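# Descriptive analysis of the structure
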Amino acid sequence: MKISLISLITAALAIFAVTMSMAPPLASAQPEAELAAGGGKITLQGAVNTRDIGGYRTYDGAKTKTGKAIRSDSLEKLTDADVQKLAGLKVKAVIDLRTPGEIQFAGADKAIPGAQAVARPIDDTGLFQQMLAVIQTRDPQKQQDALGNGKAEQIMLNMYTTFISRPESRTAFGQTIKDLANTDKATLYHCTAGKDRTGWLTYVLLRAVGVPEGTARQDYLLSNQYRAAADAALRQQVQQAGLMQNPDLLIPLQEVRDAYLDAAVNKMEQDYGDLGKFLTQGLGLDAGTILKLRKNLVG
């Protein structure tokens, strides 16, 4: 089986932010009673990890509103029907967190009628280029050396800490939360697969409006479930094309894991002490913005 350059590039892009095809136990054992009312899946043909974060209960018994914040993977493969479905949800802004390199290779988002397109890249620490290079070697030993024996996991852990340590990343996350606070319209935000940058942003967002940590964490882990089939197909394609003898080396890069989220949370607590100080000192949110955010997203 041959594989086109576009497919190769798509594979590398997917590896960077895509989730796994074998969901880890924590994701598959999600508490249905806790999540049943929240994290509503939006079924699209051209994106597999799109969901409304409405319906989650907060500490005080309220719920996050639907039709306000939508998290997603990238939108370049949307069908005409998908576009019309999102337009019907009255999406007024689409915030793209991908880097220019990702967009160049995978393609720009399909335009949503009535929605403003906002480019707000968050650095992937060079992961896209690294993975493209590793796959292109077609060398099993080089791939093992680059990704085996815990190295792939360490790549992910390192990337998650940069969500906290890099000022430009904090600025982008913070501005997106400000945007959500300052509009009562539906906003969609996404990266490539909607799991790492989008996952961390959603985790912080949910916690900021009073959703319990455990619920916010399970929303993060749901990416494994929704991306499972697409990621299985990706690994099969890479193997059948002769690019990798052991595509399972990619699994740690495709998964979301508690350990990855913990890396960001631990770095946040190390640098700022707690979530409240991270919101104000790290993301630049004032008390008024946080109050507006809760008013817009919770009711």
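Residues numbered from 1 in each chain as written. Predicted model: local features only at pLDDT ≥ 70, side-chain atom pairs only at ≥ 80, totals over all residues. Heavy atoms only, no water.

## Quick notes on unusual backbone geometry
Most of the time, phi is negative for any residue but glycine, and the peptide bond is trans. Non-glycine residue Arg138 carries a positive phi angle of around 55°. The backbone phi angle of Asn149 is positive, close to 55°, even though this residue is not glycine. Among the structural elements, Asn149 can be located in the loop between helix H7 (140–147) and helix H8 (151–165). (Helix = DSSP H or I, 4+ residues; strand = E, 2+ residues; numbered from the N terminus.)

## Details of the environment of Ile290
You can see Ile290 is positioned in helix H15 (residues 287–297). As for Ile290 and Ala181, which are separated by 109 residues in sequence, their C-alpha atoms are 7.2 Å apart. The residues contacting Ile290, other than those within four sequence positions of it, are Ala208, Leu279, Thr280 and Leu285. (Contact = heavy atoms within 4.5 Å.)

## Here's the deal with the packing of aromatic side chains
Enumeration according to the criterion identifies seven aromatic pairs in this entry. Centroid distance Tyr160 to Tyr260: 5.9 Å. Interplanar angle 35°. Geometry classified as tilted. A residue pair is termed long-range when its members are at least 10 positions apart, and Tyr160 in helix H8 and Tyr260 in helix H13 (residues 258–272) qualify at 100 residues. With respect to class, Tyr160 is no different from Tyr260; both count as buried. Ring-pair connections join several aromatic residues into one group, and the members of that group are Tyr160, Phe163, Phe173, Tyr220 and Tyr260. When the ring centre of Tyr226 is taken as origin, the NZ or CZ atom of Lys41, which lies over that ring, is 5.4 Å away. (Phe/Tyr/Trp six-rings, centres within 6.5 Å; stacked < 30°, edge-to-face > 60°. Buried < 20%, exposed > 50% of the residue type's maximum accessible area, 1.4 Å probe, protein only. Lys NZ or Arg CZ within 6 Å of the ring centre and 35° of its normal.)

## Some details on the pattern of salt bridges
In the structure shown here, the tally under the stated rule is 19 salt bridges. One salt bridge in this structure joins Asp109 and Arg98, with 3.2 Å as the shortest N-O distance. Taken together, the residues span a long stretch of sequence, with Asp109 in the loop between helix H5 (100–106) and strand S5 (116–119) and Arg98 in the loop between strand S4 (91–96) and H5 at a distance of eleven residues. Note that Glu102 is salt-bridged to Arg197, the shortest N-O span being 3.0 Å. Of this pair, Glu102 sits in helix H5 while Arg197 sits in helix H10 (residues 197–208), and the two are 95 residues apart along the sequence. Judged on exposure class, the residue Glu102 and its partner Arg197 are both buried. When salt bridges that share partners are traced, they join Glu76, Asp96, Arg98 and Asp109 into one network. (Salt bridge = Lys/Arg side-chain N within 4 Å of Asp/Glu carboxyl O.)

## What to know about the nonpolar core
In this structure, Leu147, Tyr160, Trp200, Val204, Leu205, Phe278 and Leu293 are the most contacted members of the largest nonpolar core, which totals 63 residues. Ignoring any residue separated from it by four or fewer positions in sequence, one finds Val204 in contact with Ile177, Leu275, Phe278, Leu279 and Leu283. Judged by nonpolar contacts, the second largest core, of 13 residues, contains Leu44, Ile70, Val91 and Leu188. (Core = buried A, V, L, I, M, F, W, Y, C linked by side-chain atoms within 4.5 Å.)

## Focus on the pairing of strand S3 (residues 69–72)
Every second residue of S3 is oriented toward a common face, with Ala69 and Arg71 on one face and Ile70 and Ser72 on the other, all of them buried. Two strands pair when backbone bridges link them, and strand S2 (residues 51–52) and S3 are joined in this way by two bridges, in the antiparallel orientation. Each residue of the ladder has a partner; that of Arg51, found in S3, is Arg71. Of the strand pairs in this sheet, S3 and strand S6 (residues 186–190) are connected by four bridges, and their pairing is parallel. In the sheet register, Arg71 faces S6, and the bridge partner there is Tyr189. (Pairing = 2+ DSSP bridges.)

By themselves, these are just geometric observations and shouldn't be taken as functional.
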